[in-house]
Amino acid sequence: MSEQLLEVRGLTVTLRSRRGTGRIVEGVSFEIARGESFGLVGESGSGKSMTALSIMRLLPNVAETSAGEIRVEGRDVLGLDEREMRSLRGGSVGMIFQQARSALNPLMRIDDQILRVAALHGRTNGKGEALAVELLREVGLPRRVARSYPHQLSGGMAQRALIAIVLAARPQLLIADEPTTGLDVTTEAEIYDLLRKLRAELGLSLLLITHDLALVAQNCDRVAVMHAGHVVEIGRVEQIFERPLHPYTQALLNSVPTLEGDADEALALEGSAPRFDELPEHGCRFVERCPQRMPKCGEPFTAIELEPGHRVLCRLYD
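Values in this document were obtained by computation on a predicted structure and should not be read as measured data.

Across its full length, the protein carries ten helices and twelve strands. Computed over the C-alpha atoms, the radius of gyration of the protein is 20 Å, within 12% of the 20 Å expected from 2.2 N^0.38 for a compact globule of 318 residues. Seen through its C-alpha atoms, the protein measures out along the principal axes to roughly 65 × 50 × 45 Å. Going through the 318 residues of the protein one by one, you find that 48% of them count as buried. Within the protein, contacts between residues at least 6 apart in sequence are counted, and of these 65% link residues at least 24 apart. Within the protein, one finds 37 positive and 43 negative side-chain charges whose respective centroids are separated by 8 Å.

And the structure:
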């Protein structure tokens, strides 16, 4: 059995619109080992969610995976037919979306939604309602929630219920795409405590997609930093936070106030990421915002590994 649960190699996603066509994800490569927690971090529009949707093969109609390879437990995801893909979604890989309420069926009770997923993946074992109650208990919800409809739940309870539904198929990899969007900080902390508990108890792997560097530091083993569709730096959490190499990673970390420093010392990240239809054909996509840009930054280049597991996509180091 391979140690790597998920392998993404050279993933490229192309988006079409009235503005034109652009590679909103280009050449993205990373892997997630069994039991590992991996963070994907970057500004809004950096390609994080599109990468996750590619893994689940849930891209919108205007986007397509135009190059690359995705493997889950050694299976070629892009080569599966739709029946096989439905088995993989939930069965091997589950996803928690940004807005729990939009992912829940408003016309179905929570227990019915849990049992439908469990039945699709052959996990009911004749337990019926008892299974729904058991899964809700795993995520810290009382028995009464089983008979509730989504509109009767608070934001935090709805998110926990969604996690219970995803867990009904007992996936090995859980993709959490900004899973606490719109929740208060106390509920957010409770959700991440729950995810850590479930990882420890069930041996789950986690792909955490977020723009919050603090959440990555607290919850991940390794992290990839994305900018404008490129993974610009990847490494263990301590490598990225203690020895950031790419100017974009450095700018992200410098923009976060610390308890030790003056809030005025935090630097705003200047400019904005280029639009998908304005992306350069070659070279670094951060070049227009980079204080260390050079003429050769516009030339084609590949990521460089400067120490074991720590790779950077930057001409400063070649």
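Picking up where we left off.
This part is about the environment of V166. Within the secondary structure layout, V166 lies in helix α6 (residues 155–167). Between the C-alpha atom of V166 and that of A118, which follows or precedes it by 48 residues, the distance is 9.0 Å. Discounting chain neighbours no more than four positions away, the residues touching V166 are G94, M95, I96, P171 and L174.

On to the side chain of T180, then. Tracing the sequence through the fold places T180 in the loop between β7 (173–177) and α7 (185–202). Among residues more than four places away in sequence, those in contact with T180 are Q159, E188, I191 and Y192.

A separate point is the sheet that holds strand β4 (residues 63–72). The strand order across the open sheet built from four strands is β2-β1-β4-β5, with neighbouring strands paired in antiparallel fashion. Because the sheet does not close on itself, it has two edges, and the strands there are β2 (20–33) and β5 (75–76). Of the pairings in the sheet, the one linking β4 to β5 comprises two bridges and is antiparallel in character. From the neighbouring strand, R71 faces β5, where its bridge partner is D76. Packing against the sheet, helix α1 (residues 48–56) makes contact with β1 (4–17), β2 and β4, and its axis sits at approximately 70° to β2.

Rules and cut-offs
- Residues numbered from 1 in each chain as written.
- Predicted model: local features only at pLDDT ≥ 70, side-chain atom pairs only at ≥ 80, totals over all residues.
- Heavy atoms only, no water.
- Helix = DSSP H or I, 4+ residues; strand = E, 2+ residues; numbered from the N terminus.
- Rg over C-alpha atoms; globule rule 2.2 N^0.38 Å.
- Buried < 20%, exposed > 50% of the residue type's maximum accessible area, 1.4 Å probe, protein only.
- Contact = heavy atoms within 4.5 Å.
- Lys, Arg positive; Asp, Glu negative; His and termini not counted.
- Charge placed at Lys NZ, Arg CZ, Asp CG, Glu CD.
- Pairing = 2+ DSSP bridges.
- Axes fitted to C-alpha atoms, helices over the stretch in contact; angles between N-to-C directions.

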